[in-house]
Every structure is written in C-alpha cells, then in structure tokens.
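For reference, the chains in residue letters:
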Amino acid sequence: ERARELRKNATRAEAFLWELLRNRQLLGRKFRRQHPIGRFIADFFCDDARLIIEIDGAVHQEPNQQEQDRAREEVLRQHGYHLLRFTNEQVLYQTVQVLRTIGDFVLTHSYETPPSPEASGEEGRGDDGANPEFARAVVTYLALAFDRLAAAYNSLCRWQPAGEKIADVFSRQALPMVWDFAEPNPFGSASRSWDELFKDTVGVLTHLTCIPPVDGANAPAVQQGSATRLPWPDNFFDAVLTDPPYYDNVNYSALSDFFYVWLKRIFSPLPQRGRGAGGEGLYPDLFATPLTPKSQEIVQDPNRQGGKEQAKAFFEQMLTQAFREIHRVLKPEGIAVIVFAHKTTEAWETVINALLEAGLYMTASWPIHTEMQSRLNAQETASLASSIYMVCRKRPAEAPVGEYPSVRREIEERIRHKLTQFWDEGIRGADFFMSAIGPAVEAFGKYARVEKLSGEPVTVAELLEYVRKVVAEFALSRILHNAQLGGVDALTRFYLLWRWTYNHARVPFDEARKLASGVGVELTEAWLPGGLVQKEKEYVRVLSPQGRGKDSRFARQTEFATMVDALQRACILWEKNRQKELHDHLAINYGANEVFWQVAQAISEVLPEGDREKQALQGLLYGRKSYRLDQQRGLFEEQ
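No experiment lies behind these values; they were computed from the predicted model shown.

Asks: Explanation requested: the overall build of the chain in the structure shown.
Replies: If you tally the helices and strands in the chain, you get 24 helices and 15 strands. Expressed as a percentage of the 639 residues in the chain, the buried residues total 43%. Across the chain, contacts joining residues at least 24 apart in sequence account for 68% of those joining residues at least 6 apart.

Listed below in structure tokens is the structure:
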C-alpha cells in the first residue's frame, strides 16, 4: 500500500526519470519504481544488476537523515544490493550524465545477455546456406581491419623516416597536433594501404589458427564483465594473472571511443528491403551505449572524479575491490600474478595498500623489461623500462603481528640481497628503485600488520620511505665503487642519484622530494637563486653545468660549499677553455680531494653517450694531471 501511494505522489524528478527508464528504454533492462525490498522501498530498482536508484530531495542533506541513509545502505549492501544516489537537481538538469552513470553501472554489473538473433534454416544455416557463425566471424575480422584503417587515415598521422612508412595516430603514447600529417593511399599496396592492413590481419589469423584447439572442459572462454564482480564461485582458480590499470597513465575507455564509434556503425542492423533497420545487429550487448562506459573504469582521473584526492580514493577503493575478488575466487594454495609499472611511489603506495587490504601478500617479485626505451616521451620524462611482476598468495587468517624494529632488519636484509642480484643483472636507474619495492613488501606483507613500539601501525608510505633510503645508500656505494660516502656532501649525493635515476628528465615534485629526503636534502633550499634545482610548475629539473652557466648569480661565485657546485663550475670553465681560471678554481675548491674526482668519474659513467655534460666531465678527467693543484689555499695566496 505504501509503495502504491508513493507511485501516485511521485516527485517531479522521480516522474521525469521514470519516463526515461520505463518499458526497457535503457539498454533493454527492466526497471521498477517504488519497489519494496524487505522493509525498505527503493525509488527505482533493476533486478538484473541488483541496482537500487535513490532520488534525494533537500531533506537528505540533514544530518539525522544522512545517518539513516547510511544505515539503510549498509543493510542493503550486506544483502548484495548496489546503490546509486542522485539529487533532484541532477536528474532534472544533468539528465544525460545521470543516464550514462546508470547505463555504465548496469553494463558492468549485469550478466544477463540480451538474446541474439536466431539463425534460420536447418542445422544452423541461413536461408542462403551460409553458416551464421562463420559469417559473424568474417564480419568481425573485417571490422577490426577497418578500424586499423581509421587509425591510419586521419590528420594525426605522421611520416616515420626511420622505417620509411606512415605512423598511425596511436604510434606514440601521446596525441599531439601534427602540422605536416601524412596521408596514405588506400587503393595501392604501400604503407597503411587496405591491402597491407588486410594482409596483416590475415597473417595474424593464420598464425592463431595454427594453435591446436582445446575441446571440452579445458576450452578457453572469453567473458566481458567487471573485475569488481567476478562471475565465478569461491576458491575456483589455481591461478589468476592480471595486468591492472596503471594508476593515472591511460584512460583506456576514452581512447577506445576512437574505435568504438566505427565498430558500432559496422555492427548495427542493416536496412531490410526498403524499410528501416531491423533486428539487433551483431553484439547488441557490447554496443548498447553511444560511447564506451566510463564511470566504473578503474583509473585515477581528477577531471572525472572531482579532484585529485577523490580520484586517488576512487582508484584505491575500486582496485581493492578487484583484488578482493581475486582473493575470493583463488584457491587456498593458488597464486595471483599482478603486473604493475609506475614511476611514482604514490601509485605504488595505492596498489600495495589495495593488495594488503584485500588479504593478499607478495611472495616473489621480478622486474622484467617490457617497455620501449626509444619512445619519444622517454627522452624528457622519467620513463621506466621494466614492469614488476608480483607473485601473491592469500595471507593466512592467523598471520602474526610484526614488531617494526625486527621487521625493518628483515626488510633491509631482504632488500640488500635482492639489490645485489638486480645490480649484477644490469638493472639501473628508476627501474632499480622500483625493483626494490617488491622484496620489501614480501617481508612486510606476510604480517597481519606491523606496529611501532608505541603500538601505532606502520603505513605503506613509511615503508616506501625506508626502502628509498636503503636503496639510495646501496646505489651510491655501487656507483662510487665503494668509495667513502662520508666524504661526499648530501647535495652531491642527491645530484649523483638524480643523474643515475632520471638523467636530465623533469620529474613530479613529490617524487623529487622523496629522492632528496632519502639522502637528507631539503629540496626547497636547492632551488634558491643560482641553485642546482629548477622548479617548473609541478615538476622539478636538476640543472646541468650548461644550464647553470647561463645564471649570472652562479657565475659570480668563487667559493663552493658542495662538490657538485665546484664540479659544475669546473665543467663550465673547461668547455670555455679558460685553463688558468680552471687551475685556480680547482686549487681552492676540492681539486686535491680524491673523492671529488671519484664523484666526477661516477657521474660521467652514468650519463649516456653523446651527452654534453658527459663530454665535459671526460675532458676534465683527462686533463686532471696537468692542473696545477695547490694543496692549501693559504700557500696559493702567498704566491
């Protein structure tokens, strides 16, 4: 009776939304209004997705009502229901966004597939004797080949001299404007022609069809669904392998729209004998929305999620839920392999938190080179060459509580053992830092939690800060060939680590700050006028000798408190062939210090061939014996 009364007295927003949802207008799904669920009444309900939609008026902003709403939501969620809330104003004035959010949710939380068109004729053949499934496959592969054609026929394509070919719009991890775009000929047989792309597609299919088929229960199956709601029972899989979204790197759903709009047109129903389009076309469940679903994509996007903090919280919440689903479907002795790569410890902190919250812990990790080092964006950014493959298991329910002092010793021992192995295998730079995270989490994650002596829990952020310090000390000792680190000032250590890790790249401020704090440097003090560090909005760049040589404040200095400042001045004087000034400079600034020359040699070794700073350092080192080095400044002044 209460539900019937509410239907008769619907608010303006409820009535408006009902006109858009009724009669299966949205994705063919059935919605009910003012639907009783136990002792509650939902404004709208879609049984297929177990989705409740609530339309809130001003009363729901009051604290008492909000508390009641939270209690109600908790009860419903415990019974397997999902809730979406919108205000009256959102429904009335942001209708498209509301419908898109509902549609995205239904698509990613519903496993009832709309019926496909039935094949007519006998034995699965149409009226013309063709096999419908074979025809469906042919059309699908032709559509994919056409999508490749679209990627090559647009104003963002460019000529690639190295291969004497046309590079399509997605040949780089960027979408810049191209002033002199290249235009291929679809009817020839040269680069990016239909003939070339079609032959490539056939070649791939030829290779795939050589793989022996597997029948019966072991036959592979492909399903579309949400990683946060897997359609398999508990303790089902021996192993789960996943390559989750890399934090804020790529909005795949947005990029997918480029291909989606063409495929949607190709797979839409065709006109039938002079009438309009009939039937559902191919894959109606996959192409039901105008563009790809986006609201539930696990990606850190401040523009989509309302700010940086909200985006970080959304990503961690969704990733944790996905990892919990892995935990649920994994057998007690099963393993999960998770691949991740990101240059920021903030992203790693989020992923590790999600892993631990989901009840998974790392038992092994390996850096594997997976990225192209020749990518254009790698020249100006701190790009990684490796991805970290993390092997995880379910953490036992009776896992102990760890005491931080003893766990920290265990972590350092584990890290140093693995770092020696990684170093011997040639892993360097940013990859080396990231590779150390896995061994640390292996030791940290096997505990239910790790506590300080005060009883406070140790956070993942604190763990990663400690890891950075251990790695920095290890790397410096190896880079300097076990020279005495005590003779190297903190800023010079920072400079050496920066060149080894990032070369000349600009780096987000927070990452630069963490590297600096690992060797005891306050970064903000280093970008004073004439300083070593340059701030470029939210990025940081460490200047080369050539960059600092343009600063008159640095040029006027004659005495230097740090090795790196003295070394950069020496490089400037060497490049300008001001030999007497160079001799005098080294006589009073570290020239007689053996560690100074070891630092110069170490920086030279970590820089790439052809680098201008490397050439200056090599020239300086080559002429070392010819410099007139006075051992004491007082002696020099007397002469």
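Here the narrative resumes.
Asks: Can you help me understand the packing of helix α6 (residues 132-152) against helix α7 (residues 194-208) in this one?
Replies: In a packed pair of helices, the relevant descriptors are the angle between the two axes and the axis-to-axis distance. Closest axis-to-axis distance for the α6/α7 pair is 10 Å, and the angle between their directions is 135 degrees. Considering the angle they form, α6 stands oblique to α7. Viewed along their axes, α6 and α7 form a crossing whose handedness is right-handed. On α7, the residues touching Y141, L142, A145, F146, R148 and L149 of α6 are W194, L197, F198, D200, T201 and L205. Grouping the constituent residues of the contact of α6 with α7 by class yields nine nonpolar, one polar and two charged.

Asks: When you look at the pairing of strand β4 (residues 82-87) in this model, what are you seeing that I'm missing?
Replies: Here is the key point about a regular strand: its side chains alternate between the two faces of the sheet. Where strand β3 (residues 51-56) and β4 come together, six bridges link them in parallel fashion. Each bridged residue has a counterpart across the sheet, and for I55 the counterpart in β4 is F86. Handedness of the crossover joining β3 and β4 through helix α3 (residues 63-78): right-handed.

Asks: Whenever I open this one, the packing of aromatic side chains confuses me. Can you help?
Replies: Here a ring pair, both rings aromatic, is described through the centre-centre distance and the interplanar angle of the planes. For the structure on display, the rule yields 22 aromatic pairs. Considering the side-chain rings of F236 and F237, the 4.8 Å spacing of their centres and the 90 degrees angle between planes classify their relative orientation as edge-to-face. Using a relative accessible area of 40% as the deciding quantity, one classes F236 as partly exposed. Judged by relative accessible area, which is 24%, F237 ranks as partly exposed. Taken together, a centroid distance of 5.5 Å and an interplanar angle of 55 degrees make the contact between F267 and F287 tilted. One end of the pair, F267, is in helix α8 (residues 252-267); the other, F287, is in the loop between α8 and α9 (302-305), and 20 residues separate them in sequence.

Asks: Explanation requested: the side chain of K418 in the structure shown.
Replies: By secondary structure assignment, the location of K418 is in helix α12 (residues 404-424). For the buried K418, no salt bridge exists, and the shortest N-O distance to an oppositely charged side chain is 5.7 Å, to E442. Setting aside its immediate chain neighbours within four residues, K418 contacts W366 and P439.

Asks: Can you help me understand the sheet that holds strand β2 (residues 40-46) in this one?
Replies: Hydrogen bonds along the backbone pair up the strands of a sheet, which may run parallel or antiparallel. Read across the sheet, four strands follow the order β1-β2-β3-β4 without closing on themselves; strand pairing throughout is mixed. Of all strands in the sheet, those bounded by a partner on one side alone are β1 (32-37) and β4. Taken over all neighbouring pairs, the strand axes of this sheet differ in orientation by 45 degrees on average, direction set aside. One ladder, built from five bridges, connects β1 with β2; its direction is antiparallel. In the strand pairing of β2, H35 is matched with A42. Sheet strands in contact with helix α5 (residues 95-109) are β3 and β4, and its direction is about 175 degrees off that of β4.

Asks: Looking at this structure, how should I read the nonpolar core?
Replies: Side chains that are nonpolar tend, in soluble globular proteins, to be buried together. In this structure, F323, M390, F432 and F494 are the most contacted members of the largest nonpolar core, which totals 110 residues. No other element matches the 12 residues that helix α15 (residues 460-479) contributes to this core. The residues contacting F494, other than those within four sequence positions of it, are A512, L515, A516, V519, V521, L523, V533 and V542. Listed in part, the 21 residues of the second largest apolar core include L21, L26, L51 and I102.

Asks: Looking at this structure, I do not really get helix α23 (residues 612-622). What am I missing?
Replies: Given 3.6 residues per turn, any residue in an α-helix points the same way as the ones three and four places further on. Residues of α23 that are buried: E613, K614, A616, L617, G619, L620 and L621. Capping the start of α23, D611 holds a side-chain oxygen 2.9 Å from the backbone nitrogen of E613, two or three residues further along.

Asks: Quick question: what am I supposed to make of the confidence of the model for the chain here?
Replies: A low pLDDT means the predicted coordinates there should not be read in detail. Summary statistics for the chain give a mean pLDDT of 82 and a share of 89% for residues scoring 70 or more. For the chain, the element scoring lowest by mean pLDDT is helix α24 (residues 633-638), at 43; strand β7 (residues 237-242) scores highest, at 94. Confidence drops under a pLDDT of 50 for residues 111-124, and excluding neighbours within four residues, the segment shows 23 contacts in the predicted structure. In this model residues 373-383 is a low-confidence stretch, pLDDT under 50, and it forms 20 contacts with partners more than four residues away in sequence or in other chains.

Asks: Is there a simple way to explain the pattern of salt bridges in this structure?
Replies: Here the structure, examined in full by the defined rule, presents 35 salt bridges. A salt bridge links E196 to R192, with the shortest nitrogen-to-oxygen separation between them at 3.9 Å. Of the residues examined, E196 reaches a relative accessible area of 26% and is grouped as partly exposed. One salt bridge connects R328 with E325, and the closest N-O pair in it is separated by 2.9 Å. Residue R328 and its partner E325 are both found in helix α10 (residues 308-329); the two are separated by three residues, about one turn of the helix. Because the salt bridges share partners, they merge into one network encompassing D56, D69, E73, R77 and R85.

Asks: I keep staring at the environment of W262 and nothing clicks. Help me out?
Replies: Position of W262 among the secondary structure elements: in helix α8. The residues contacting W262, other than those within four sequence positions of it, are F146, D147 and A150.

Asks: Looking at this structure, how should I read the sheet that holds strand β14 (residues 533-536)?
Replies: Strand order in the open sheet formed by three strands is β13-β15-β14, with antiparallel pairing between adjacent strands. Two strands in the sheet have a free side with no partner beyond their single neighbour: β13 (507-508) and β14. Direction of pairing for β13 relative to strand β15 (residues 539-542): antiparallel, over a ladder of two bridges. Among the inter-strand pairings, V507 is bridged to a residue of β15, identified as V540. Contacts from helix α16 (residues 490-502) reach β13, β14 and β15 within the one sheet, and its direction differs from that of β15 by about 110 degrees.

Asks: Just to check I follow, could you spell out the environment of N593 for this structure?
Replies: Residue placement: N593 occurs in the loop between α21 (579-588) and α22 (594-606). Among the residues examined, N593 registers a relative accessible area of 27% and is labelled partly exposed. A C-alpha to C-alpha distance of 9.8 Å links N593 and M563, two positions 30 residues apart in sequence.

Asks: Honestly, the side chain of D56 in this entry has me stumped. Any pointers?
Replies: Mapped onto the elements of the fold, D56 is located in strand β3. Using a relative accessible area of 9% as the deciding quantity, one classes D56 as buried. When neighbours within four sequence positions are excluded, D56 is seen to be in contact with R85, F86, T87 and N88.

Asks: Can you walk me through a nonpolar patch on the surface in this structure?
Replies: On the surface, F134, V138, L142, W194, F198 and V202 cluster together into a nonpolar patch covering about 510 Å² of accessible area. Structurally, the position occupied by V202 is in helix α7. Judged by relative accessible area, V202 falls into the partly exposed class, the value being 35%.

Asks: Explain the environment of L83 here, please?
Replies: With respect to the helices and strands, the residue L83 is situated in strand β4. C-alpha separation for the pair L83 and L51, spaced 32 residues apart in sequence, amounts to 5.9 Å. If sequence neighbours within four positions are ignored, L83 has contacts with L51, I52, E73, L76 and R77.

Analysis parameters
Residues numbered from 1 in each chain as written. Predicted model: local features only at pLDDT ≥ 70, side-chain atom pairs only at ≥ 80, totals over all residues. Heavy atoms only, no water. Helix = DSSP H or I, 4+ residues; strand = E, 2+ residues; numbered from the N terminus. Buried < 20%, exposed > 50% of the residue type's maximum accessible area, 1.4 Å probe, protein only. Contact = heavy atoms within 4.5 Å. Axes fitted to C-alpha atoms, helices over the stretch in contact; angles between N-to-C directions. Parallel < 35°, antiparallel > 145°, perpendicular 65-115°, else oblique. Left-handed = near helix turned anticlockwise from the far one by under 90°. Nonpolar A, V, L, I, M, F, W, Y, C, P; charged D, E, K, R; others polar. Pairing = 2+ DSSP bridges. Right-handed = clockwise from strand over helix to strand, strands pointing away. Phe/Tyr/Trp six-rings, centres within 6.5 Å; stacked < 30°, edge-to-face > 60°. Lys, Arg positive; Asp, Glu negative; His and termini not counted. Salt bridge = Lys/Arg side-chain N within 4 Å of Asp/Glu carboxyl O. Core = buried A, V, L, I, M, F, W, Y, C linked by side-chain atoms within 4.5 Å. Polar contact = N/O pair within 3.5 Å; in protein donor to acceptor, adjacent residues only side chain to side chain. pLDDT = per-residue confidence, 0-100. Patch = residues over 30% accessible without salt bridge, like charges linked within 9 Å, V, L, I, M, F, W, Y side chains within 5 Å. Areas by Shrake-Rupley, 256 points an atom, 1.4 Å probe, with all protein chains shown as cover.

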